[in-house]
Amino acid sequence: MRFVWALLAALYALLAIYVGYLFITAATGEHLTQKGLLLQAAPFLGGLGLILFAIPLLWNCVALVVRRPSAPPG
Amino acid sequence: MRTVMLLAGVILFAAGLAVSYVTWTSGIQPWGQLLTDNFLFARSLPFTIGLAITLGYWRASGWRSGAEMRDQQVRRFAPSTVWLHALAGVALVTLIATGGWQYLKGLEAADSPIYMGTVYRLHFIAASLLIFVTVAFVTDWLLRGENALTLGKGQFIRSMRGLARELPRPLGSIVGYTLGLDLRRAAPPTEEFTWYERAVSFPTWELAIGLIIVTGVIKALRYVYPIPGDVLYWVSAIHVGSGVLLGIKLLDHLRYVLSPSRWPVMAAMASGWIPLGYVERFHPGWYSRITSSEATTSTAPTPSSVSSATTVRP
């Protein structure tokens, strides 16, 4: 079950990174550049946030598969 | 009485849906699929909310206080909490997928390979589900005065001290320095939920879900009540922003619960039960309440020192 959850979460994290990349490229693209910084800022920051928060999740997914969960004491 | 209330909610919900459905199938209105779905969603909302309130009342009035234990495990979540959380999870993932699809279509100015009417239909169904679960939970918590996931009145400084001790050292030091906390003092014991969950995670869920529901409902009502274009523009912008925030929040939530050391917490969200040894080690405040409570339904375990408890890291 740990493996299934790690796989699902890793897929979500990878998808979030891809969507974040699409947000950033759209924000810095020709279409939104003409519309001003305010309209560029939202997808840029959102994309950056998605990528930054996806990385620690990917890390934990790998750790969940590789490491043995801490056994409860007693 | 509580079951009668719940049945009344179910009957009213079914009647509300039936009236809207009959109107739709009669062909009186020349609406397309998208507009029909929008109207169905908007018209069903009062009945969805009403049903959720009766379910929240049903849950609250049948709630058993006190810790329930079996085989060195303690109940962390009621079965209905497990189901409602699962429903909220399914609704949230569907909303992020369908909402993200709509936003990306506009952002990339691309044609959708999937019929957009279907995407919106799924979005409305998932939105109804999320509103239902949210209202049921809020009603239940308000009626029971449940505050395990909040900081509690007059507990801000203490909570921040707990949070600062849970965070990785550099982040915790920043929080401590910014708020002028005395981090030489021992961390307050972790209760049923960690300080991170109470001070950061749950308030962010409240903000993001609150914003997405309020703005989503306003957007859905725009064909029922006229809403000025400027207002609708900003409402839509906030709706998209809170959608992205929910996507980020889900990443952080999964990161937190999928940490190897917290796997028992993750498993508890499916089974409802958590090993007592884990509670003793990572939730000493809750453990001492459980062990000192006379309301337990089985023999209480031997209490042990809470001072040796391990600090939870978010």
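Residues numbered from 1 in each chain as written. Chains lettered and ligands numbered in written order. Predicted model: local features only at pLDDT ≥ 70, side-chain atom pairs only at ≥ 80, totals over all residues. Heavy atoms only, no water.

Draft legend 1. Looking closely at the overall build of chain A. Looking only at helices and strands, chain A features 3 helices and 0 strands. Beginning at the N terminus, the succession of helices and strands in chain A can be written as α-α-α. Taking 2.2 N^0.38 as the reference for a compact globule, 74 residues should give roughly 11 Å; the C-alpha atoms of chain A span a radius of gyration of 17 Å, well beyond that estimate. Burial statistics for chain A: of 74 residues in total, 36% are counted as buried. (Helix = DSSP H or I, 4+ residues; strand = E, 2+ residues; numbered from the N terminus. Rg over C-alpha atoms; globule rule 2.2 N^0.38 Å. Buried < 20%, exposed > 50% of the residue type's maximum accessible area, 1.4 Å probe, protein only.)

Draft legend 2. How the structure looks around the environment of A88(B). Residues and elements named next belong to chain B. By the secondary structure assignment, A88 is in helix α3 (residues 79–108). Separated by 148 residues in the primary sequence, A88 and S236 place their C-alpha atoms 22 Å from one another. Apart from the residues within four sequence positions on either side, A88 is in contact with L130 and V133. (Contact = heavy atoms within 4.5 Å.)

Draft legend 3. Examining the packing of α3(B) against helix α8 (residues 229–257) of chain B more closely. All names here are of chain B. Following both chains from N to C, one finds α3 and α8 inclined at 130°, their axes separated by 10 Å at the closest point. Considering their axes alone, α3 and α8 lie oblique with respect to each other. α3 and α8 meet at a crossing whose hand is left-handed. Each of H85, L92, V93, I96 and Y103 in α3 lies in contact with α8, whose residues at this interface are V240, L246, G247, L250 and H253. Classifying every residue of the contact of α3 with α8 by side-chain character gives 7 nonpolar, 3 polar and no charged. (Axes fitted to C-alpha atoms, helices over the stretch in contact; angles between N-to-C directions. Parallel < 35°, antiparallel > 145°, perpendicular 65-115°, else oblique. Left-handed = near helix turned anticlockwise from the far one by under 90°. Nonpolar A, V, L, I, M, F, W, Y, C, P; charged D, E, K, R; others polar.)

Draft legend 4. Structural view of the pattern of salt bridges. Residue and element names in this part refer to chain B. Following the criterion strictly, the structure yields 9 salt bridges over all chains and no others. Linking E146 and R144 is a salt bridge whose minimum nitrogen-to-oxygen distance equals 3.1 Å. The salt bridge partner of R255 is D252, with a shortest N-O separation of 3.0 Å. Of this pair, R255 and D252 are both found in helix α8, 3 residues apart, which corresponds to roughly one turn of the helix. Across this residue pair, the class does not change: R255 and D252 are buried. (Salt bridge = Lys/Arg side-chain N within 4 Å of Asp/Glu carboxyl O.)

Draft legend 5. The arrangement of a nonpolar patch on the surface in detail. Side chains of M1(A), F3(A), V4(A), W5(A), L7(A), L8(A), L11(A), V62(A), V65(A) and V66(A) sit close together on the surface and give an oily, nonpolar patch of about 1000 Å² of accessible area. Among the secondary structure elements, those contributing two or more residues to the nonpolar patch are α1 (2–27) and α3 (37–66) of chain A. (Patch = residues over 30% accessible without salt bridge, like charges linked within 9 Å, V, L, I, M, F, W, Y side chains within 5 Å. Areas by Shrake-Rupley, 256 points an atom, 1.4 Å probe, with all protein chains shown as cover.)

Draft legend 6. Examining the confidence of the model for chain B more closely. Of the residues in chain B, 93% have a pLDDT of 70 or more, and the chain-wide mean is 87. In the model output, the complex is listed with pTM 0.87 alongside ipTM 0.90. (pLDDT = per-residue confidence, 0-100.)

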